[in-house]
Amino acid sequence: MNQLIMVRYGELSTKGKNKRNFIQTLGNNIIHALKQFPLCKVEIKHDHIYIDPKDNPIEKVCSRLKDVSGIYSFSIVERLPLDIDIIASRSLEIAKEQNKKTFKIKAKRADKSFQYSSDEINRYIASKILSQTSYKVDVHNPELLIQITIREDYCYLFFSEILGIGGYPLSTGGKAMMMLSGGIDSPVASYLMIRRGIKIECVHFASPPYTNEGVISKIKDLAKVLTSYQPNITIHIVPFTKLQEEIYKNVNVSYAITIMRRMMYRIATIIASRRSCLLLANGESLGQVASQTPMSVNVIERVTTYPVIRPLAVMDKIDIIKIARQINTYDISIRPFEDCCTIFEVKDPTTQPSLAKVEEYESKFDYQSLIDECIQNAEIIKISDEEAEDELL
Ligand code: ATP
Ligand code: MG
């Protein structure tokens, strides 16, 4: 029997006139995600997307769909003609093949022009199975649940629904500049942004020689994992050492982190604007460390006119780690390489920075030319999903 995959959309019902674009974008993203299965046929319809896996293993195709944002769920379905007897015979065949004891038929008539109501379909098929097998009906907890959806052109028959990652199709939400450190949080924040349909570029602040090449390869490996969700990721590596050293020379040490983060925000904003990003994003979580108290966030965020999205703002670390494990970034994030923040760690950073003091310290040195230098010397790395696919083949 010819099996297809039926893809259900996520939160598109609120999209009104944009719904068509969302669906087309999702279709294109699915085609891209499945490009390692060259003969797969993707059929984009207004209610669902149908994928014919042809000779490719259907489970592998399904597993790839689990990474595509904008998919609410999908099912492996059989497509049948709109003929109640054909639908009933196929249901009977399935019941016999499955050899279980209890069953339930759950029909849904999405196209009301079909001559039988959902209830009539349920009864018609159930009576056929009951009369020709020893199955019993169990409406609450059936061993075999046959779901039947009637649409205008075909009937679809399936047993289960696999949840996708939800969110919106990538590229429907503009672009954000994500501050990517080598830690646990920012890759999770990156994933959540992508899942929301927002494309990311990344900025990473590196402090050679205090931080070594290990950090950069960690960043590359994290981005590589993220290419399962966004096929191409650009990373701006900003040499941050000189500016950091100047901060530590000129600023009361308890304010160093606050000011360092203001510099990061300033640089990220300039790069974001040059790269046509609409948002900044990072992995900050309120209260997690001194620089993420409400007062610190308030004083730090003032340096940018950009909206700053913090997908993890109110999440507990334990829940962030759960997602990091699910998306396979956790093991990379915990590799022991130094980050620019850990190198210049301060024993007693202020949790309640005063804006007046911050401004006074910042007036003591020409940070603007150091920022310009950082931006001038930033390096661009592009990571794509291409090699990852070669490994899979
Ligand atoms: P993570 O938060 O990713 O686990 P972390 O704990 O080292 O890393 P924090 O000190 O919590 O980072 O910083 C908060 C956020 O600031 C990070 O999630 C990240 O978005 C950003 N950030 C920190 N360090 C860097 C860096 N070196 N380059 C780019 N962004 C950074
Ligand atoms: Mg953190």
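A quick note: this is a predicted structure, and the numbers were derived from the prediction, not measured. (Residues numbered from 1 in each chain as written. Chains lettered and ligands numbered in written order. Predicted model: local features only at pLDDT ≥ 70, side-chain atom pairs only at ≥ 80, totals over all residues. Heavy atoms only, no water.)

Notes on the domain arrangement of the chain
Okay, so step 1: What the domain assignment reports for the chain is domain 1 (3-163) and domain 2 (175-392).
Okay, so step 2: Distance between the C-alpha centres of domain 1 and domain 2: 43 Å.
Okay, so step 3: Taken residue by residue, the interface counts seven residues in domain 1 and 10 residues in domain 2.
Okay, so step 4: Roughly 750 Å² of surface becomes buried between domain 1 and domain 2 when both sides are summed, with 37% attributable to carbon and sulfur atoms.
Okay, so step 5: At the boundary of domain 1 with domain 2, the tally comes to two salt bridges.
Okay, so step 6: Put simply, domain 1 and domain 2 have three residue pairs in polar contact (both at pLDDT 80 or more) between them.
Okay, so step 7: Taken together, the residues that form the side of domain 1 that touches domain 2 break down as no nonpolar, three polar and four charged. (Domains from an automatic or database assignment. Contact = heavy atoms within 4.5 Å. Buried area = accessible area lost by both parts, 1.4 Å probe. Salt bridge = Lys/Arg side-chain N within 4 Å of Asp/Glu carboxyl O. Polar contact = N/O pair within 3.5 Å; in protein donor to acceptor, adjacent residues only side chain to side chain. Nonpolar A, V, L, I, M, F, W, Y, C, P; charged D, E, K, R; others polar.)

Overview of the coordination of the magnesium ion (ligand 2)
Okay, so step 1: Note on the magnesium ion (ligand 2): its protein donors are Asp185 (OD) and Gln288 (OE1). The metal-donor distances range over 2.2 to 2.3 Å. Residue aspartate 185 is found in helix α5 (residues 185-195), and its partner glutamine 288 is found in the loop between β13 (279-281) and α9 (294-301); the two are separated by 103 residues along the sequence.
Okay, so step 2: Residue classification places aspartate 185 among the buried residues on the basis of a relative accessible area of 8%. (Donors = N, O, S within 2.8 Å, 3.2 Å for Na, K, Ca; no water. Helix = DSSP H or I, 4+ residues; strand = E, 2+ residues; numbered from the N terminus. Buried < 20%, exposed > 50% of the residue type's maximum accessible area, 1.4 Å probe, protein only.)

Some words on the nonpolar core
Okay, so step 1: The biggest cluster of nonpolar side chains holds 36 residues, and the ones touching the most others in it are Phe240, Leu243, Ile247, Met263 and Ile267.
Okay, so step 2: Of all elements in the fold, only β10 (175-179), β11 (199-206), α7 (241-250), α8 (256-274), α9, α13 (355-362) and α14 (367-376) reach the threshold of two or more residues within this core.
Okay, so step 3: Contacts of methionine 263, omitting those with residues within four sequence positions, involve Phe240, Leu243, Ile247, Glu362, Phe365, Tyr367 and Ile371.
Okay, so step 4: Cys202, Ile216, Leu279 and Ile383 belong to the second-largest nonpolar core, a separate cluster that totals 35 residues. (Core = buried A, V, L, I, M, F, W, Y, C linked by side-chain atoms within 4.5 Å.)

As for the site of ligand 1
Okay, so step 1: Within the structure, ligand 1 sits among 20 residues, and Met179, Ser181, Ile184, Ser186 and Arg261 are positioned closest to it.
Okay, so step 2: Within the backbone of isoleucine 184, a nitrogen or oxygen atom sits 2.8 Å from an oxygen atom of ligand 1.
Okay, so step 3: Between an oxygen atom of ligand 1 and a side-chain N or O atom of glutamine 288, the distance comes to 3.4 Å.
Okay, so step 4: Bound to the protein, ligand 1 loses 90% of the 570 Å² it would expose on its own.
Okay, so step 5: Contributing elements (two or more residues each) for the shell around ligand 1: α5, β11, α8 and α12 (340-343).
Okay, so step 6: When residues in the shell around ligand 1 are grouped by element, the largest group, three residues, is from β11.
Okay, so step 7: Its residues assigned to classes, the shell around ligand 1 comprises eight nonpolar, eight polar and four charged. (Near = heavy atom within 4 Å. Areas by Shrake-Rupley, 256 points an atom, 1.4 Å probe, with all protein chains shown as cover.)

Examining α7
Okay, so step 1: Residues of α7 that are buried: Thr241, Leu243, Gln244 and Ile247. For α7, the buried positions fall inside an angular range of 165° around the axis, keeping them on one side. (Arc of directions from axis to C-beta.)

Regarding the packing of α7 against α14
Okay, so step 1: One can describe the packing of α7 onto α14 by two numbers: an axis separation of 9 Å at closest approach and a directional angle of 160°. Taken as axis vectors, α7 and α14 run roughly antiparallel relative to one another. Helix-helix and strand crossings are classified by hand; for α7 and α14 the assignment is left-handed. Each of Lys242, Leu243 and Glu246 in α7 lies in contact with α14, whose residues at this interface are Tyr367, Leu370, Ile371, Glu373 and Cys374. (Axes fitted to C-alpha atoms, helices over the stretch in contact; angles between N-to-C directions. Parallel < 35°, antiparallel > 145°, perpendicular 65-115°, else oblique. Left-handed = near helix turned anticlockwise from the far one by under 90°.)

Looking at the pattern of salt bridges
When the charged atoms of two side chains with opposite charge come close together, those side chains can pair.
Okay, so step 1: One pass over the structure, following the stated rule, counts 25 salt bridges.
Okay, so step 2: In this structure, lysine 35 and glutamate 386 form a salt bridge, with 3.5 Å as the shortest nitrogen-oxygen distance. In this pair, lysine 35 is assigned in the loop between α1 (19-33) and β2 (41-44) and glutamate 386 in helix α15 (residues 386-392), connecting sequence segments 351 residues apart.
Okay, so step 3: By relative accessible area, which is 32% here, lysine 35 ends up partly exposed.
Okay, so step 4: For arginine 90, the salt bridge identified is with glutamate 93, shortest N-O distance 2.5 Å.

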